[in-house]
Amino acid sequence: MFSFEIKDAVDIFLVALMLYYTYRFMRDSRSINVFVGILVFILVWLLVSRVLEMRLLGAIFDKLVGVGSLAILILFQDEIRKFLNNLGGHNRIRRLLKFFSSNDQKTDAIDREKVMSIVMACQSMARGKVGALIVIERETNLNEIMETGDTIDANINQRLIENIFFKNSPLHDGAMIISKHRIMAAGCILPVSHDLDIPRELGLRHRAAMGMCQKSDALCIVVSEETGRISAALNGRFRLRLSAENLESLLNEELSN
């Protein structure tokens, strides 16, 4: 006799929830047709193997499912990396990890003087319409990105930041990397995002900032050379038209822990 228990309802609910978020994830990454195709394939596989019990065809489908799982991992490696990065960088999860961590997190907090150096430099460059791209390392290690530029390893200083992004500077076209509360490298090359949802008025620096955020949990600050506006990219999202106060608040909030 068929029995339906509470755990079966929970099981169905969790599967439905998983399918819903997978659908949203595929829709946002412009892969909804692939998601529908995979869903149809799974339904056909279940029909052949479990309902009709076709042994030969079912065995072929079983092999395809095993190979298909690996193919999906390879095909959607960037999307999966982005999903896991967003999951690991979620505020609630990070607070939970810090709660169970035995390390003293206060020693990692960036001090107000360094925050103000970044804010004042960005404000000054915005007034002069000097383009800039600053990447601040958080949990994800950025050593590979640093190797694409020139090593500096200097204290965070407003004048140094402005000199690096001065229009005649050989390093002004690349990104500056701030790690462990120091300016570690400049002139670095970042991965560029090809996301079609990025507004067309945003330039290559913004796309590079978004590409960096999609592959890490870094906080990226952009000063537009065309408009002089300050923007920030974090966790795959832009925060546009930031004032000096907004930027200071964002830096204090995201880098204080």
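The structure under discussion appears in the preceding block.
Residues numbered from 1 in each chain as written. Predicted model: local features only at pLDDT ≥ 70, side-chain atom pairs only at ≥ 80, totals over all residues. Heavy atoms only, no water.

A.B. asks: Which parts of the structure should I look at to understand the pattern of salt bridges?
C.D. replies: Any two side chains of opposite charge can pair, on the condition that their charged atoms come close. As enumerated under the stated definition, the model contains four salt bridges in all. The partner of E254 in a salt bridge is R138, and the shortest N-O contact between them spans 2.9 Å. Here R138 lies in the loop between β1 (132-136) and α7 (143-146) and E254 lies in helix α10 (residues 244-255), a separation of 116 residues in the sequence. For the pair formed by E254 and R138, the shared burial category is buried. (Salt bridge = Lys/Arg side-chain N within 4 Å of Asp/Glu carboxyl O. Helix = DSSP H or I, 4+ residues; strand = E, 2+ residues; numbered from the N terminus. Buried < 20%, exposed > 50% of the residue type's maximum accessible area, 1.4 Å probe, protein only.)

A.B. asks: Whenever I open this one, helix α6 (residues 112-127) confuses me. Can you help?
C.D. replies: Note: α-helices contain 3.6 residues per turn, so residues at a spacing of three or four share the same orientation. Over its 16 residues, α6 extends 22 Å from the first C-alpha to the last, a length consistent with the 22 Å expected when each residue adds 1.5 Å. Listing the buried residues of α6 in full gives K114, V115, S117, I118, V119, A121, C122, M125 and A126. The elements touched by buried residues of α6 are β1, α8 (158-164), β3 (175-179), β5 (219-223), β6 (230-234) and α10. Where α6 ends, the next residue or the one after it, K129, has phi of about 50°, a positive value. (Expected span 1.5 Å × (residues − 1). Contact = heavy atoms within 4.5 Å.)

A.B. asks: Would you mind showing me how to read the pairing of β6 here?
C.D. replies: For a regular strand, side chains alternate in direction, first toward one face of the sheet and then toward the other. Within β6, five of the five residues are buried, which leaves the element mostly enclosed by the surrounding structure. In β6, alternate side chains face the same way, and those of I230, A232 and L234 on one face and S231 and A233 on the other are all buried. Across four bridges, β5 lies against β6 in antiparallel orientation. What sits directly across from V222, in β6, is S231. (Pairing = 2+ DSSP bridges.)

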